[in-house]
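# Coordinates in review
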Amino acid sequence: MTSDQLEQAGQYVLGLLGDDERRIFEAEIASDTELAKAVNKLRDHFHRLDDTAAALPPNPELWNKIEARLGSSPIDLAALRNRPTASPSRAWLPFAAAASIVVALGVGYMVGSTLGTTRQPEMIAVLVNEADATPGAIIEAFADDSVRVISLDNFVIPPGQVLEVWTLPDADTGPVSLGTFTDASTLRLTGPDLPAPHVGQLYEITVEPSPGSPTGRPTGPILVKGFAKQPV
Amino acid sequence: MLMLMPDVTDISDLLARIGRRDRNALAALFDHESGRLVAIAQRIVRRRDLAEDVVQEVFITVWARADQFDPSRGSARGWLTTMTRNRALNLIRDDARVDYHDVGVISDLGDRQFDALAAFDTLSERDALRHCLGALDEPKRQAILLCYVTGLNHGEAAATLKAPLGTVKAWIRRGVLALQECLA
């Protein structure tokens, strides 16, 4: 390493390089592992000076600001599910008992739907809130890549956020977005061209920043999820 | 001084969980690290509210990019420290430069000198950096400490040390070379 490089490494760690010099030097670091090592070593030494700053107590207000920018938290999630009629005893219902509610709901719902429409879904998934195992939405998946979402909870969606419906056709494909919505009601979404839905296929709804997940994959907390079953 | 120094692996563990969108892990990281990072940023930006703004951005970045943390390039704790320092430096560099004719600002520069020297004095006696900084002449040591600890640029360091700009630049140039030779 040249003494020029050592000098630049020093100025870089001290934060004294101008914008252009810094960019050029960073490009040099990226292509020179010996230089990168020297910079990291020097930086580690200097971090001892940072460690002498007496830590302040964590500020809860600062955390609130950070959390607000992340979107809704798991705790906010409970508030999202606006269910004033839910009995408090439901919170401790064992999963088996909750599952029987799911079945009952599914059956009742099927009766209603066969009266209303002649079109049969290929698959139905009852999406359940994992925290208390109560059903939150039903997804009917049709052969033409469309789904019908029936909300069972009156989801209250904060401004700037949307609910995004996902499915996992298989592990290789990964999660695929079927669309977003902001109004908890019955709606139809048409997803991309996918293989016909199969038994056990995962469906879930996550909370994402508007107008939808920035990465094309679920990034926010899972509101409800469930696996597809074939109607009899 | 008593310092909470969470285990290095703890923090990289938390970062791995944050990369999997675990908010509890982010909250735990905040509890562990935010107070330390605010204190580091405040040495540079001077005001608590600005220091907290810096740390807010750091945590948002961590949430978005925890999966980009590369343990082969240094410790997780060091990654957070570097990110905080860079944000703080960007904030003061982007701002209008300080006017040294302002009396209030001159007393602020005195505070910086105090902070820089206090940081040096707090280093452990066995610390290699302390040993090597101690081996430098006083003006070189002061110039380096002022720039690193409180984020001054060459011109501000010159104003604080009441020395010509060219002299201060030379002190720093020769100082960082001697320092690296000593640390090697």
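Residues numbered from 1 in each chain as written. Chains lettered and ligands numbered in written order. Predicted model: local features only at pLDDT ≥ 70, side-chain atom pairs only at ≥ 80, totals over all residues. Heavy atoms only, no water.

Where an unreviewed UniProt entry is consulted, chain A appears under the name Regulator of SigK, with the organism given as Devosia soli.

## Points about helix α1 (residues 3–14) of chain A
The α-helix advances 3.6 residues per turn, and as a result positions three or four apart in sequence lie on the same side. The terminal C-alpha atoms of α1 of chain A, which comprises 12 residues, lie 17 Å apart, in line with the 16 Å expected from a rise of 1.5 Å per residue. Listed in full, the buried residues belonging to α1 of chain A are Q5, E7, A9, G10, Q11, Y12, V13 and L14 of chain A. (Helix = DSSP H or I, 4+ residues; strand = E, 2+ residues; numbered from the N terminus. Expected span 1.5 Å × (residues − 1). Buried < 20%, exposed > 50% of the residue type's maximum accessible area, 1.4 Å probe, protein only.)

## Quick notes on the confidence of the model for chain A
As a general rule, the predicted coordinates of low-pLDDT regions are not to be interpreted in detail. Of the residues in chain A, 78% reach a pLDDT of 70 or more, and the chain-wide mean stands at 78. In this model, residues 72–117 of chain A is a region of pLDDT below 50 whose contacts with residues beyond four sequence positions or in other chains number 58 contacts. (pLDDT = per-residue confidence, 0-100. Contact = heavy atoms within 4.5 Å.)

## As for the interface of chain A and chain B
The partner chain B presents 56 residues to the 40 residues of chain A that form the contact. Buried surface at the junction of chain A and chain B, both sides included, amounts to about 4400 Å², of which 64% is carbon and sulfur. Viewed at the interface, chain B and chain A are joined by 5 salt bridges. Its salt-bridge partner being D51 of chain A, residue R36 of chain B comes within 3.5 Å of it at the nearest N-O pair. At the junction of chain A with chain B, the criterion picks out 17 residue pairs in polar contact (both at pLDDT 80 or more). Among the secondary structure elements, those contributing two or more residues to the side of chain A that touches chain B are α1, α3 (33–50) and α4 (60–70) of chain A. Here the side of chain A that touches chain B takes 10 residues from α3 of chain A, the largest share from any one element. (Buried area = accessible area lost by both parts, 1.4 Å probe. Salt bridge = Lys/Arg side-chain N within 4 Å of Asp/Glu carboxyl O. Polar contact = N/O pair within 3.5 Å; in protein donor to acceptor, adjacent residues only side chain to side chain.)

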